[in-house]
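Each chain, written out:
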Amino acid sequence: MSEKEVKSLEEIFEARIARDEKIEPKEWMPEKYRKTHIRQISQHAHSEVVGMLPEGNWITRAPSLRRKVALLAKIQDEGGHGLYLYSAAETLGISRDELIEQLHSGEAKYSSIFNYPAVTWADMGTVGWLVDGAAIMNQVALMGTSYGPYARAMVRICKEESFHQRQGYEILLTLCNGTPEQKEMAQDSINRWWWPSLMMFGPRDADSPNTEQSVKWKLKRKTNDELRQAFVDQTVPQANILGLTIPDSKLKWNEERKHYDFGDIDWNEFWQVVKGHGPCNKQRIDARVKAHKDGKWVRDAAMAFAEKQENKEVKLAI
Amino acid sequence: MKNWPLWEVFIRSKNGLEHRHCGSLHASDATMALENARDVYTRRMEGVSIWVVPSAQITATNPENNGETFEPAMDKAYRHPTFYELPDELKHM
Ligand SMILES: [Fe+2]
Ligand SMILES: [Fe+2]
């Protein structure tokens, strides 16, 4: 294809997206669109999967059967979300194996929030409330994205997410209405998770170079800062109902802006964790690699069994 | 050892409706594909029947040929009821 032909194909392509048409697998797309989508969708998939680790840590120690079944169901959902997203990425011509290899080698990223440890039961509440809450804000915005399989995965995921946040909030509500020690445990948890949750929306708009292209392709309907502000506005009243204090001395309602003002995020910490120096980066990847390695004989045995059955059928047919 | 092949999953959400494509998954054989589809796609009673089809078995139109494939239908307005001009007195036809 000549450069001129590619250029005109690109123009047609961009115009289709501008008209709110969806792009489907196997249709022509600019290489950059394909690459950006593989990167973003797989990063999203890896986050769902790695995100199961901090919560998995608490399944056997859930304080009641009710909490245990809810936590199990939530974690199972996250595994499903990983699957929907891996499948969506695979429609762009990359294999599941390659995707997993990229996670294990560190080439692909996942949400930094999962590099923080879940050290108390209250963290199961805070993760559901804040982490899933922040994820929902991002994901709702993506339901209208331009790549069909990604948009459809988002619709399904958003339907399942709302119980995640509610079960987390209920855990905190129970702790906050409990003994002083329980309430303190809840407060300690929000103290640790608040800032990392705000970081989930990514760098400031001024430091986020891809925004314009992403807006065009509807990978971003709102900027990082807009989503972060919406999250803060939504979350502060919820913290008040719990009677918990958000650990930010600058947090204050701004009557003029009709938004909460809030303090500065420690971007140095953010980049440290992104670059692999968070409290649990190594532990998370090691756990994934180990699970994949330890599961190899099961995958092989299942395949060997399937092949044996098939050969049997062929013999019977002859 | 070969990787588990890809399967497409179709779900009938309730009797009276058709099966509808809802996603895909990897599984070593059809039985496992059905079990995984149940676990992933019907955890909240989204279905009463599941089909799984090996993705490699699907033959699809090529989007690059969408012109030849679908445009011939575009200039055949006479296939639609509004093409026919009938008097207003005539109701319900
Ligand atoms: Fe999720
Ligand atoms: Fe979730």
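The structure contained in this document is the topic of the report that follows. Quick caveat, the model's predicted, so the values are computed rather than measured.

Observations concerning the overall build of chain B
Step number 1: Secondary structure assignment for chain B yields 2 helices and 3 strands.
Step number 2: Counting from the amino terminus, helix and strand elements in chain B follow one another as β-β-α-β-α.
Step number 3: Relative to a compact globule of 93 residues, whose C-alpha radius of gyration would be 12 Å, chain B shows 21 Å and is clearly more extended.
Step number 4: The dimensions of chain B, computed from C-alpha atoms along their principal axes, are 70 × 35 × 15 Å.
Step number 5: Burial analysis of chain B (93 residues in total) assigns 24% to the buried set.
Step number 6: If you take every contact in chain B between residues at least 6 apart in sequence, the share linking residues at least 24 apart comes to 42%.
Step number 7: Where the 10 positive side-chain charges of chain B centre and where its 13 negative ones centre are 9 Å apart.

What about the overall build of chain A?
Step number 1: From N to C terminus, chain A includes 13 helices and 2 strands.
Step number 2: In summary, chain A has a C-alpha radius of gyration of 22 Å against a globular reference of 20 Å for 318 residues, a match within 12%.
Step number 3: Expressed along its principal axes, the backbone C-alpha trace of chain A runs to roughly 75 × 55 × 35 Å.
Step number 4: A burial count over chain A gives 49% of its 318 residues as buried.
Step number 5: The long-range fraction of contacts in chain A, counting pairs at least 24 apart against all pairs at least 6 apart in sequence, stands at 78%.
Step number 6: Per element, the accessible surface of chain A, about 16300 Å² overall, is 56% carbon and sulfur.
Step number 7: Charged side chains in chain A number 45 positive and 46 negative. The centres of these two groups are separated by 3 Å.

Notes on the coordination of the iron ion (ligand 1)
Step number 1: Only E48(A) (OE), E78(A) (OE), H81(A) (ND1) and E161(A) (OE) from the protein coordinate the iron ion (ligand 1), and they sit 2.1 to 2.3 Å from it.
Step number 2: Metal-centred angles of 82 to 160° between the 4 donor atoms at the iron ion (ligand 1) mark the site as irregular.

Observations regarding the packing of aromatic side chains
Residue and element names in this part refer to chain A.
Step number 1: Applying the stated criterion across every chain yields a total of 16 aromatic pairs over all chains.
Step number 2: Ring centres 4.9 Å apart and planes at 75° place the aromatic pair F270 and W271 in the edge-to-face group.
Step number 3: Classification of F270 as buried rests on a relative accessible area of 9%.
Step number 4: Positioned above the aromatic ring of W58 is the side chain of R61, whose terminal nitrogen or guanidinium carbon lies 4.4 Å from the ring centre.
Step number 5: The ring of Y84 has R156 sitting right over it, with the charged end atom 5.5 Å from the ring centre.

Regarding the interface of chain A and chain B
Step number 1: Of the residues lining the interface, 23 residues belong to chain A; the matching set on chain B comes to 20 residues.
Step number 2: Interface area, chain A with chain B, both sides summed: about 1800 Å², of which 54% is carbon and sulfur.
Step number 3: It is L83(A), R156(A) and M303(A) that lose the most area in chain A upon contact with chain B, and together they represent 26% of the buried surface on that side.
Step number 4: The tally of links between chain A and chain B comes to 4 salt bridges.
Step number 5: With a shortest N-O distance of 2.4 Å, D77(A) and R43(B) are connected by a salt bridge.
Step number 6: Linking chain A to chain B there are 9 residue pairs in polar contact (both at pLDDT 80 or more).

Looking at the nonpolar core
Step number 1: Judged by nonpolar contacts, the single largest core of 89 residues is most densely connected at W194(A), L25(B) and Y41(B).
Step number 2: When residues in this core are grouped by element, the largest group, 10 residues, is from helix α6 (residues 122-142) of chain A.
Step number 3: Filtering out sequence-adjacent residues up to four positions away, L25(B) remains in contact with L83(A), P5(B), L6(B), W7(B), V9(B), A33(B), N36(B), A37(B) and Y41(B).

Thoughts on helix α1 (residues 30-41) of chain B
Step number 1: Between its first and last C-alpha atoms α1(B) spans 16 Å; for 12 residues at 1.5 Å apiece the expected length is 16 Å, and the two agree.
Step number 2: Among the residues making up α1(B), those that are buried are M32(B), A33(B), A37(B), V40(B) and Y41(B). Buried residues of α1(B), viewed axially, fall in a sector of 135°; they line one side.
Step number 3: Residues of α1(B) that are buried in the fold lie against α4 (65-90), α7 (148-176) and α13 (296-317) of chain A together with β1 (6-12), β2 (19-26) and β3 (49-54) of chain B.

What about the pattern of salt bridges?
Residues and elements named next belong to chain A.
Step number 1: Taken as a whole, this structure holds 28 salt bridges over all chains when the rule is applied.
Step number 2: Residue E21 is joined to R16 by a salt bridge in which the shortest nitrogen-to-oxygen separation is 2.8 Å.
Step number 3: Among the ionic pairs, E255 bridges to K258, the shortest N-O distance being 2.3 Å.
Step number 4: In the salt-bridge network here, residues are joined through shared partners; they are R16, R19, E21 and E27.

Reading guide: rules and limits
- Residues numbered from 1 in each chain as written.
- Chains lettered and ligands numbered in written order.
- Predicted model: local features only at pLDDT ≥ 70, side-chain atom pairs only at ≥ 80, totals over all residues.
- Heavy atoms only, no water.
- Helix = DSSP H or I, 4+ residues; strand = E, 2+ residues; numbered from the N terminus.
- Rg over C-alpha atoms; globule rule 2.2 N^0.38 Å.
- Buried < 20%, exposed > 50% of the residue type's maximum accessible area, 1.4 Å probe, protein only.
- Contact = heavy atoms within 4.5 Å.
- Lys, Arg positive; Asp, Glu negative; His and termini not counted.
- Charge placed at Lys NZ, Arg CZ, Asp CG, Glu CD.
- Areas by Shrake-Rupley, 256 points an atom, 1.4 Å probe, with all protein chains shown as cover.
- Donors = N, O, S within 2.8 Å, 3.2 Å for Na, K, Ca; no water.
- Tetrahedral: all angles 85-135°; square planar, octahedral: opposite > 155°, others 65-115°.
- Phe/Tyr/Trp six-rings, centres within 6.5 Å; stacked < 30°, edge-to-face > 60°.
- Lys NZ or Arg CZ within 6 Å of the ring centre and 35° of its normal.
- Buried area = accessible area lost by both parts, 1.4 Å probe.
- Salt bridge = Lys/Arg side-chain N within 4 Å of Asp/Glu carboxyl O.
- Polar contact = N/O pair within 3.5 Å; in protein donor to acceptor, adjacent residues only side chain to side chain.
- Core = buried A, V, L, I, M, F, W, Y, C linked by side-chain atoms within 4.5 Å.
- Expected span 1.5 Å × (residues − 1).
- Arc of directions from axis to C-beta.

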